[in-house]
Amino acid sequence: MAKSRWVRKSVPWPLSLVRSVLSLIFSLVLGGVLLGAIGLGIYMLYLDSVIRAEFDQKRWAMPAKVYARPLELFESMALNADAFAEELKLLRYRDVNCPDTPPPPPPDNNKRRIKRKAPPTPQVCTPPPGKGESPTKPGSYARQGEVFEVATRDFTFWDGIEPIRKVRLTFAGNILVEIASLDGQETPGLLRLDPPEIAGIYPSHYEDRILLKGENLPPALVDTLLAVEDRSFFEHAGINPKGIFRALLANLRAGRTVQGGSTLTQQLVKNLFLSNERTFKRKINEVLMAILIDSRYGKNEILEAYSNAIYLGQDGSRAIHGFGLASQFYFGNPLEELDLHQIALLVGIIKGPSLYDPRKSPDRAKERRALVLDVMAEQNLISAEDATVAKNMALDVTPKTASGITAYPAFLELVQRQLRQYYKAEDLLSEGLRVFTTLDPRIQAVAEKTIASQLPALEKTQRRARPLQGATVITNTQTGEVLAMVGDREPKALGFNRALDAKRLAGSLVKPIVYLTALEQPERYTLVTRLNDSPLIYTSGGQRWTPANYDKRYHGRVPLQVALARSYNIPAVRVGLDMDVINVVEMLRRLGFQRDLKPYPSLLLGAFEASPFEIAQVYASIASGGFRIPLRAIREVTSTSGQSLQHYSMDVEKAVEPGPAYLITHAMQQVIKAGTATAVKSKLSPDLNIAGKTGTTDDYRDSWFAGFSGNRLAVVWLGRDDNKPTGFSGSNGALRVWIDLMAGLSLEPLDTPPPADVEEIRVDPYSGLRLGAGCGRGQPTPFLIGSGPQRSASCGGSSSPVRTAEEPSDTPDTPDPAPDDTGESDEMSNFFQRLMD
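This structure is a prediction, so every number in the text was calculated from the model and none was measured.

Caption draft 1: Representation of the confidence of the model for the chain in the model. Taken residue by residue, the chain gives an average pLDDT of 83. The fraction at 70 or more is 80%. Contacts for the low-pLDDT stretch residues 101-124, under 50 throughout, to residues beyond four places or in other chains number 50 contacts. Scored below 50 in pLDDT, residues 798-825 shows 58 contacts in the model against residues more than four places distant or in partner chains.

Shown next, in the form of structure tokens:
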């Protein structure tokens, strides 16, 4: 039988085992590689979806920017040269004859030279005539006494673009007398400067950015950035192994870190997507995402995103991201206005914003800047000589002022609350809205200075110093715009905003509202109606209430306007009870007080809680002549491109007829002329005819004053956070602060003409009777037509007060003792003498 050609050869068993093991290992490795590749592919697809979903949104995420009111200039307006200079300083305009920083170099796309620093010479901010420079670049000016030459910046407002202009402004005392165009453009009738940015509304992690387009990045910045951080940026695919190796050698050669190994794309990934933890997984994600971003987006897009995202410092709880914001944060100027030595510092800070913080570690920051300048010279961006000059320059960093998200925390909180009525929270954080507010920085500065200086001064007047707190709200009486707000004795402090949230008893501030309710019924009450100021016992539901006057005395029968001017309690209670407390509550609601109130009799003496802002709203309705204008902090909201999204127009509604509003304003003017606030006349001209009311609560826990001129309303509250006594009444506490505050403002007289239904009648101050036109004595008093005294007194009539027919009958729940008229004649005589004086 023939044998088969294929004979299986026996293999020694050890060799067979080795082959089997190797085959198994190879299969496992191959399978692992395949599974790993599949897993890596799936993971990269996941990362790619994350990038696609979030990269565009994150690189363009921008918080809402908040601006103060723009300064609007016109000939004959009330403004002096020093105040205008302060406005320019607030806007960070540069005085070309007294520069804070060297002027930026002219753009040069080839070789950029640093302007040589001249030998130190004394700076002359007001040069002799004809000797100074003239401003040429937007955001600069020159001053010669009361004459300014200004090169303005362009700005996109909600109603159009304000172009760059060069103008001359001439002041004479407190008046802007001339605006003249110096650039060939037609002289504007109204010149509107760019508004100062006062705040931003930031995401939950408090990041901030000023977005820049790639084409707007200064070439010097781009060249320096690439020379220091990523020289092969336009060649590599997101990661650069050669760059990592080269950086390692350079650092070893220098004995210190002079180059980084991460590409700009990797740094961008870290800023946009990854946490700060140092793990292997994070590094792998960084590499993979850098590759994916580089494959999906162009180099210029990546560079633009990097310039807006890079972390460059910390301002309190606010993170500083991007070169645009960092330029403002460190130097107070736009990026395009920086000199090369400043650009070198910005690029140097990238390596360690905390380590090289120029404010905290100026020497270390200078060393880092010098290193960047050496790299610039090495890469032929500047000459070695220019690098040496730049190294010797100062850091030119602005002093750090207010720390935190805004320098105006109380006002910004009001802005945020009013924005929430119209926008979703996420829109405010990511859509880059521009919010134009009503804040007047000059008035705000006066309010802050007054609160910060006056409270310690008041504390020193007491034997035992008690820590006072305070708040103030200032508004425009004609528009309802909130011009300034302070919510703490340290105005820049973040935290509890007393202007909005301090719920304190209103005290005597409610009395004008009580009397206004009564004056709507002229057949029963007028300004000269005599009110019963005698002991009062009110009983209801088995409860007895015995209000008393501040001076613990009774004053017999007193005219209504005298009772208000002297802030007597009992007459106010009697009138309020006669009108019914529910009607007083309704009057508060009509004037703009929105919270629910219980109509308890004690409300007639201010036993209800109110914030300074709520009081300002009520008094604003009186100051406007009886029209309720909701107080607003926002003028306009626009998109980033300037498209108007929401217009905050005035919402005017008649709350009270003009006649009664005019009468109560007149009565409140008597508070200043002859009542509890005569101290106003010590610093403010009597010609301003200011109206106001003091307020004091039990045990001197709260000290209030609310008052207004023809154009400004201010409410001041003083108290303690623990609600313990302060030792101050409204007259010797809040009023003193109010006077100093208003003395720092430009006020217009309160000269409202009488409404058509009001007539003035000369009245005998003692009898309340009508006097003839030829009588030299008496006081002109406004009445609603038909409600004036019907009986007349002779010019030489008796000076003894008599009860008039116009008086309402007093019908308290329980009988009162007879009025005590002792000394009434002398007291009324003194009051009216001061009134006429």
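On we go from here.
Caption draft 2: Main features of the side chain of Glu162. Among the secondary structure elements, Glu162 is positioned in strand β7 (residues 160-162). Among all residues touching Glu162, those that are not within four sequence positions of it are Arg153, Asp154, Phe155, Phe157, Leu191 and Arg192.

Caption draft 3: Here's a closer look at a nonpolar patch on the surface. Taken together, the side chains of Leu22, Ile25, Val29 and Val33 make up a nonpolar region of the molecular surface, amounting to roughly 360 Å² of accessible area. Structurally, the position occupied by Ile25 is in helix α1 (residues 13-60).

Caption draft 4: Molecular detail of helix α22 (residues 730-743). When the local axis directions of α22 are compared, the greatest deviation, roughly 30°, occurs at Arg736. Within α22, burial applies to Gly730, Gly733, Ala734, Leu735, Val737, Trp738, Ile739, Leu741 and Met742. As for α22, its buried residues are in contact with α14 (441-459), β16 (469-476), β28 (691-696), β29 (702-708) and β30 (712-719). The backbone nitrogen of Ser731 lies 3.3 Å from a side-chain oxygen of the residue at the head of α22, namely Ser729.

Caption draft 5: Structural view of the pairing of strand β8 (residues 166-172). Across five bridges, the pairing between strand β5 (residues 147-151) and β8 is antiparallel. Within β8, the residue paired with Val150 across the bridge is Val167. Relative to strand β9 (residues 175-181), β8 is paired through six bridges, and the arrangement is antiparallel. What sits directly across from Leu169, in β9, is Ile179. Remark: two residues form the turn of the hairpin made by β8 and β9, two consecutive strands paired antiparallel; Gly173 in that turn has positive phi of roughly 65°.

Caption draft 6: Representation of the packing of helix α3 (residues 219-229) against helix α9 (residues 340-349) within the structure. Here α3 crosses α9 at 40°, and the two axes come no closer than 10 Å. Put simply, α3 runs oblique to α9. In the crossing of α3 with α9, the sense of the turn from one axis to the other is right-handed. Across the interface between the two elements, Ala220, Leu221, Thr224, Leu225, Val228 and Glu229 of α3 pack against Leu340, Ile343 and Val347 of α9. Tallied by class, the residues present in the contact of α3 with α9 amount to seven nonpolar, one polar and one charged.

Caption draft 7: Quick look at the pattern of salt bridges. All told, the structure shown has 29 salt bridges when counted by the stated rule. In this structure, the salt-bridge partner of Arg417 is Glu413, at a minimum N-O distance of 2.6 Å. Placement of the pair is Arg417 and Glu413 together in helix α12 (residues 409-419), with a separation of four residues, close to one helical turn. Since its relative accessible area comes to 30%, Arg417 is described here as partly exposed. Sharing partners across several salt bridges, the network here consists of Arg69, Glu87, Asp440 and Arg442.

Caption draft 8: Local environment of the sheet that holds β8. Ordered in space as β3-β4-β5-β8-β9, the five strands form an open sheet in which the pairing is mixed. Among the strands making up the open sheet, the edge pair consists of β3 (94-95) and β9.

Caption draft 9: Spotlight on the packing of aromatic side chains. For the structure on display, the rule yields 17 aromatic pairs. With centroids separated by 4.8 Å and ring planes inclined at 55°, the aromatic side chains of Phe155 and Phe157 adopt a geometry described as tilted. Aromatic pair Phe593 and Phe608: ring centres 5.6 Å apart, planes at 85°, arrangement edge-to-face. Here Phe593, found in the loop between α19 (581-590) and β23 (609-610), pairs with Phe608, found in the loop between α19 and β23; they are 15 residues apart in sequence, far enough to count as distant. Taken together, the ring pairs in this structure connect Tyr67, Phe155, Phe157, Trp158 and Phe436 into an aromatic cluster.

Caption draft 10: Expanded view of the side chain of Thr665. Within the element layout of this structure, Thr665 appears in helix α21 (residues 658-674). Looking at Thr665, the relative accessible area reads 11%, which means it is buried.

Caption draft 11: Looking closely at the environment of Pro219. Locating Pro219 in the fold gives a position in helix α3. Take Pro219: its relative accessible area is 36%, and that puts it in the partly exposed class. Expressed as a C-alpha distance, the spacing of Pro219 and Glu336, which sit 117 residues apart in the sequence, is 9.8 Å.

Caption draft 12: Focus on the pairing of strand β1 (residues 64-67). The alternating pattern of β1 places Ala64 and Val66 and Lys65 and Tyr67 on opposite faces, both of which are buried. Looking at chain direction, β1 and strand β11 (residues 197-201) are connected through four bridges and run antiparallel. Within β11, the position partnered with Val66 by the bridge is Ala199. Inspection of the sheet shows β1 paired to strand β15 (residues 434-437) by three bridges, in the parallel sense. Bridging across to β15, Val66 finds its partner in Val435.

Caption draft 13: Seen up close, unusual backbone geometry. Its identity is not glycine, yet Asn380 carries a phi of approximately 65°, on the positive side. Mapping Asn380 onto the fold places it in the loop between α10 (362-378) and α11 (384-391). Even without a glycine there, the phi angle at Asn689 is positive, about 55°. Its location among the elements puts Asn689 in the loop between α21 and β28.

Caption draft 14: Local environment of the packing of helix α8 (residues 323-331) against α9. Viewed as axis vectors pointing N to C, α8 and α9 meet at an angle of 115°, and their least axial separation amounts to 11 Å. Taken together, the axis directions place α8 and α9 in an arrangement best described as roughly perpendicular. Considering only the axes of α8 and α9, their crossing is right-handed. Between α8 and α9, the residues in contact are Phe323, Ala326, Ser327, Tyr330 and Phe331 and Gln342, Leu345, Leu346 and Ile349, respectively. Along the lines of polarity and charge, the residues of the contact of α8 with α9 split into seven nonpolar, two polar and no charged.

Caption draft 15: Fine view of the nonpolar core. Counting residues in each nonpolar core, the largest one holds 121 residues, and the members touching the most others are Met485 and Trp738. Ignoring sequence-local partners within four residues, the contact set of Trp738 consists of Val680, Leu684, Ile690, Phe705, Gly707, Phe708, Ala714 and Val716. Leu225, Ala290, Tyr306 and Ala344 belong to the second-largest nonpolar core, a separate cluster that totals 55 residues.

Caption draft 16: Seen up close, the sheet that holds β16. The antiparallel open sheet is built from five strands, whose spatial order is β17-β16-β30-β29-β28. Whereas interior strands pair on both sides, the edge strands pair on one side only; in this sheet they are β17 (482-486) and β28. Sheet twist, expressed as the mean angle between neighbouring strand axes with direction ignored, is 5°. Where β16 lies against β17, four bridges are found, and the strand directions are antiparallel. Bridging from a neighbouring strand, Thr472 pairs with Val486 of β17. Here α14 sits on the sheet and contacts β16, β17 and β30; the angle it forms with β17, its principal contact strand, is near 30°.

Caption draft 17: Spotlight on helix α2 (residues 81-90). Along α2, the residues classified as buried are Ala81, Ala83, Phe84, Ala85, Glu87 and Leu88. Buried residues belonging to α2 abut β2 (72-73), β4 (140-144), β5, β8 and α14. The distance from a side-chain oxygen at the start of α2 to the backbone nitrogen of Asp82 is 3.1 Å, and the residue carrying that oxygen is Asn80. The positive-phi residue at the C-terminal boundary of α2 is Arg92, with phi of around 60°.

Conventions used here
Residues numbered from 1 in each chain as written. Predicted model: local features only at pLDDT ≥ 70, side-chain atom pairs only at ≥ 80, totals over all residues. Heavy atoms only, no water. pLDDT = per-residue confidence, 0-100. Contact = heavy atoms within 4.5 Å. Helix = DSSP H or I, 4+ residues; strand = E, 2+ residues; numbered from the N terminus. Patch = residues over 30% accessible without salt bridge, like charges linked within 9 Å, V, L, I, M, F, W, Y side chains within 5 Å. Areas by Shrake-Rupley, 256 points an atom, 1.4 Å probe, with all protein chains shown as cover. Salt bridge = Lys/Arg side-chain N within 4 Å of Asp/Glu carboxyl O. Bend = angle between axes of the 7 residues up to and from the residue. Buried < 20%, exposed > 50% of the residue type's maximum accessible area, 1.4 Å probe, protein only. Polar contact = N/O pair within 3.5 Å; in protein donor to acceptor, adjacent residues only side chain to side chain. Pairing = 2+ DSSP bridges. Axes fitted to C-alpha atoms, helices over the stretch in contact; angles between N-to-C directions. Parallel < 35°, antiparallel > 145°, perpendicular 65-115°, else oblique. Left-handed = near helix turned anticlockwise from the far one by under 90°. Nonpolar A, V, L, I, M, F, W, Y, C, P; charged D, E, K, R; others polar. Phe/Tyr/Trp six-rings, centres within 6.5 Å; stacked < 30°, edge-to-face > 60°. Core = buried A, V, L, I, M, F, W, Y, C linked by side-chain atoms within 4.5 Å.

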